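Coordinate inspection notes
Given next are the chains, with one letter for each unit.
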Amino acid sequence: MPNRPRTRARRALAVVAAAALIALPVGAAHASDTAPAARAVAAEATSTPDADATTFRIATSGFVDTFNPFVSIYLTPTNILRYVYEYLVQNDAEDGSPTKGLADSWEVEDGGMTWVYTLQDDLTWSDDEPITSADVVYTYEQMMSVPELSVANGNLVSNFESVEAPDDKTVVINLKTPQAPNPGTEVPIVPQHIWEEIDDPATFANDADVVGSGPYLLDSYSANQSITLRANPNFWQGAPAVDRIQYVYYTNSDAQVQALRSGEVDFVSGLTPTQFDALEDVEGITTHSGVGRRYHSISINHGTVTRDGQAYGTGNEALKDVNVRQALRLGTDTETLLERVMEGRGELATSFIPSSFPKWALPADDDVIMSYDPEAAMAKLEEAGWTVGAGGIREKDGTPLQLRLLVDADDLTEQSIAEYFVPWMAEIGVGITVESTDGDTISARSVAADYDLYFSGWSVNPDPDYQLGINLCSTLPTGTDGSGGTSQDGYCNEEFDELYAQQRSELEEEKRQEIVHEMLAMNYTDTAQIATWYANSLEAYRSDRFSGFTLQPAEGGIIASQAGYWGFLTVEPVEGAVSDEGGVPTGLIVTGVVVVLIVLGVLIFVLLRRRKMADVE
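Described below are features of the structure shown in this document. (Residues numbered from 1 in each chain as written. Predicted model: local features only at pLDDT ≥ 70, side-chain atom pairs only at ≥ 80, totals over all residues. Heavy atoms only, no water.)

Here we look at the overall build of the protein
Rules: Runs of E in the DSSP output that reach at least two residues are strands. Runs of H or I that reach at least four are helices, and both are numbered from the N terminus. Accessible area is worked out with a 1.4 Å probe on protein chains only. A residue is then buried under 20% of its type maximum, exposed over 50%, and partly exposed in between. In this analysis, two residues are considered to be in contact whenever any of their non-hydrogen atoms come within 4.5 Å of each other. In short, Shrake-Rupley with a 1.4 Å probe defines the accessible areas, and a residue's cover is counted only from the protein chains shown.
In terms of regular secondary structure, the protein is built from 18 helices and 23 strands. Counting only residues that meet the buried cut, the protein has 53% of its 617 residues in that class. Of the contacts made within the protein by residues no fewer than 6 positions apart, 70% connect residues no fewer than 24 positions apart. For the protein, the computed accessible surface area is about 26000 Å², with 50% contributed by carbon and sulfur atoms.

A short note on the layout of surface pockets
What counts, and what does not: Grid spacing is 1 Å over the protein atoms alone, the probe is 1.4 Å, and a cavity is where that probe fits but cannot get out, while a pocket is an open set with protein on both sides within 12 Å along at least five of seven lines and lining residues have an atom within 4 Å of a point. Grid points are joined across faces, edges and corners, and a volume is the space filled by probe spheres set on the points.
Roughly 780 Å³ of volume is contained in the second largest pocket. If you trace the second largest pocket, you find 34 residues lining it, with Gly 96, Ser 97, Trp 360, Pro 462 and Asp 463 closest to the centre. Residue assignment for the lining of the second largest pocket shows that the elements contributing at least two residues are helix H14 (465-469) and helix H16 (509-526).

Here's the deal with the environment of Arg 404
Quick note on the threshold: N or O atoms within 3.5 Å of each other form a polar contact, as long as, within protein, one can give a hydrogen and the other can take it, and as long as residues adjacent in sequence are counted only when both atoms are side-chain atoms.
Topologically, Arg 404 is positioned in strand S18 (residues 402-408). For the pair Arg 404 and Val 434, spaced 30 residues apart in the sequence, the C-alpha separation amounts to 6.0 Å. At a separation of 3.3 Å, a polar atom in the side chain of Arg 404 contacts the side chain of Asp 450.

Thoughts on the nonpolar core
Our working rule: Take the buried Ala, Val, Leu, Ile, Met, Phe, Trp, Tyr and Cys residues and link them wherever side-chain atoms come within 4.5 Å; each set so joined is a nonpolar core.
Phe 56, Leu 88, Tyr 140, Ile 227, Phe 267, Phe 549 and Phe 568 are the most contacted members of the largest nonpolar core, which has 91 residues in total. The element contributing the most residues to this core is H16, with 6 residues. In this structure, Leu 381, Ala 418, Phe 421 and Met 425 belong to the second largest nonpolar core, which totals 34 residues.

Re helix H10 (residues 334-341)
Owing to its 3.6 residues per turn, the α-helix aligns residues three or four sequence positions apart on the same side. Within the span of H10, buried status applies to Thr 334, Thr 336, Leu 337, Leu 338 and Val 341. Residues of H10 that are buried in the fold lie against helix H8 (273-279), strand S14 (346-348), helix H12 (412-428) and strand S21 (529-542). Following H10 by one or two positions, Glu 343 has its phi on the positive side, about 55°.

Here's the deal with a negative patch on the surface
Put simply, the test is: Only residues whose relative accessible area exceeds 30% and that form no salt bridge are eligible for patches; like-charged ones are grouped when within 9 Å, while nonpolar side chains (Val, Leu, Ile, Met, Phe, Trp, Tyr) are grouped when within 5 Å. Think of a salt bridge as a Lys or Arg side-chain nitrogen and an Asp or Glu carboxyl oxygen that are within 4 Å of each other. Two residue types count as positive, namely Lys and Arg, and two as negative, namely Asp and Glu; His and chain ends fall outside the count. Where a charge lies is defined by one atom per residue type: Lys uses NZ, Arg uses CZ, Asp uses CG and Glu uses CD.
Judged by side-chain charge, Glu 494, Glu 495, Glu 498 and Glu 518 come together as a negatively charged surface patch. Top element by residues in the negative patch is helix H15 (residues 494-505). It accounts for 3 residues. Mapped onto the elements of the fold, Glu 494 is located in helix H15.

Focus on the pairing of strand S1 (residues 55-60)
Applicable threshold: Pairs of strands are assigned from DSSP output, requiring at least two bridges between the strands.
Taking burial as the measure, the 6 residues of S1 include 6 buried ones, the bulk of the element. Of the two faces of S1, the one carrying Thr 55, Arg 57 and Ala 59 and the one carrying Phe 56, Ile 58 and Thr 60 are both buried. Sheet topology places S1 next to strand S10 (residues 244-249); 6 bridges connect them, and they run parallel. Bridge pairing in S10 links Ile 58 to Tyr 247.

Notes on empty space enclosed by the protein
Any space left empty among the atoms is revealed by the rolling of a water-sized probe across them. Rules: Each residue is assigned to one of three groups, with Ala, Val, Leu, Ile, Met, Phe, Trp, Tyr, Cys and Pro labelled nonpolar, Asp, Glu, Lys and Arg labelled charged, and all others, Gly among them, labelled polar.
One pass over the full model with this rule turns up 1 cavity of 30 Å³ or more. Considering the residues around the largest cavity, the lining is formed by Arg 329, Thr 350, Ser 351, Phe 352, Asn 523, Tyr 524, Gln 529 and Ala 531. Put simply, the parts of the chain that give the lining of the largest cavity at least two residues each are H16 and S21. For the lining of the largest cavity, the residue count by class is 3 nonpolar, 4 polar and 1 charged.

Details of unusual backbone geometry
The omega torsion of the bond from Gln 552 to Pro 553 falls at -5°, within 30 degrees of zero and hence cis. Locating Pro 553 in the fold gives a position in the loop between strand S22 (546-547) and helix H17 (566-569). A positive phi angle, near 60°, is found at Asn 224, a position not held by glycine. Tracing the chain through its elements places Asn 224 in the loop between strand S8 (216-222) and strand S9 (226-231).

Read these as spatial facts, not as claims about activity.
Below, the structure is given as structure tokens:
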């Protein structure tokens, strides 16, 4: 009996402490739900050196291959490089059409064979050196003459005959054949005076104190911890309102969501529908669902080879047969995946060109489109010689049809898809071994073609030329380790290549559109991948701290991962909401303290009531 009050008191104190932790709006409280590694990263990354700086913090877990603009192909670094280096011609925020970049204007001559650009007046690099046409010529010529520097965007200059700089403000691009897409887009222009001093530009990391021309400059990078950008005062549109953008690494998406709630970061993207719903109506947070420019797919290792025909990788021999690949497509119910995994937030995919670019996307009623049909899938496998064996798994010449599927252990969407995909495949007699691992490992294994199936996707530009171009035989890797090229799925079809050349030179848009559709239908039938959906981009941000986000396209578009730098260019702090060191807004702290005091008051009242009742008893 004498111990009961003390016991009760200890429990009560524990309740008070827990209530205080829950009420606190700052990271220390909510970090308790965050993985230790993520807490350590966040604590280090959110400290800022300048007392008067404003810092906009973005949660990420994105893979970084390099910040070398000649080489990088992954989503996170290429998005950042869009902010660091201006193009000759930008993609407009309104609708993605070509607009002013370094070039103020341009003219097309000789029936599309020559493009002449005039640079803006008084452009300067971030180190105050002038930007001239010589920088543009240097960039393009490096890509044209050094194979190692054509990895990221080499296909964009493959039609270039020569590039000239008749004066400091004029760039002339002479083409081999007439070209419909503006050749000035999508290539980051680098400063010649910096890059010509580098011994080996192809291996240059370019990850600190970067000299650039865009609205932000890459200031520092710490692998799997943080990436810091600082505003460029020399940007031709003027320095952005926010001094610093910081990407903070978290080990999984749930930790990112928790960081947004607690105020450790200001922006998250790539949310699952469940996470998105959970953030709706949270005070101080605004959610946004935009029509994306990205497709999602199941990539198939159909027999990877180098540009000169050497086989490499560990892909299953069975996947070289198009009947087997089509059977996988017929046995995959993408409609159910979209409804169950994405809660219908997106559109069914038909190809690797998203429906957000309707003039180029393959129409859903195209003759080649296959609907979910397990019976037809099994017939395809029978036709290919795969008969049902032990345990229902098909066999051929004593070898079971057993495939490996790589799944990111931290990606809830991939895990959910696998839960549906594995039994669907079992139903048609295909065994699936799920290999759950981390994203970096999947990236490395996909480059080396060490897989049978894995989940993939690309962000696509307003003009389809680049995405079509990385499906050419000429963009296959040169090395048997997967290096030296940028191929979407190791695809190579000479007929596709011929059509690619035709569409690029077709200046009449309607005719070009027909050719593009024919190419997409061909790729669909060859089944290098199973495109699943074009998901809406689910994003959320601290609207109590920052406002002024620009969508691309303007009507229902996205904030992050645009084909341009508009999303964060116009962001500005909400007046009085951001602390000097990028910490927690004063208003949130005051609110938290008030909440804590109220909770403590209520608990003390309850305890006193209970003690009096105990005394009575």
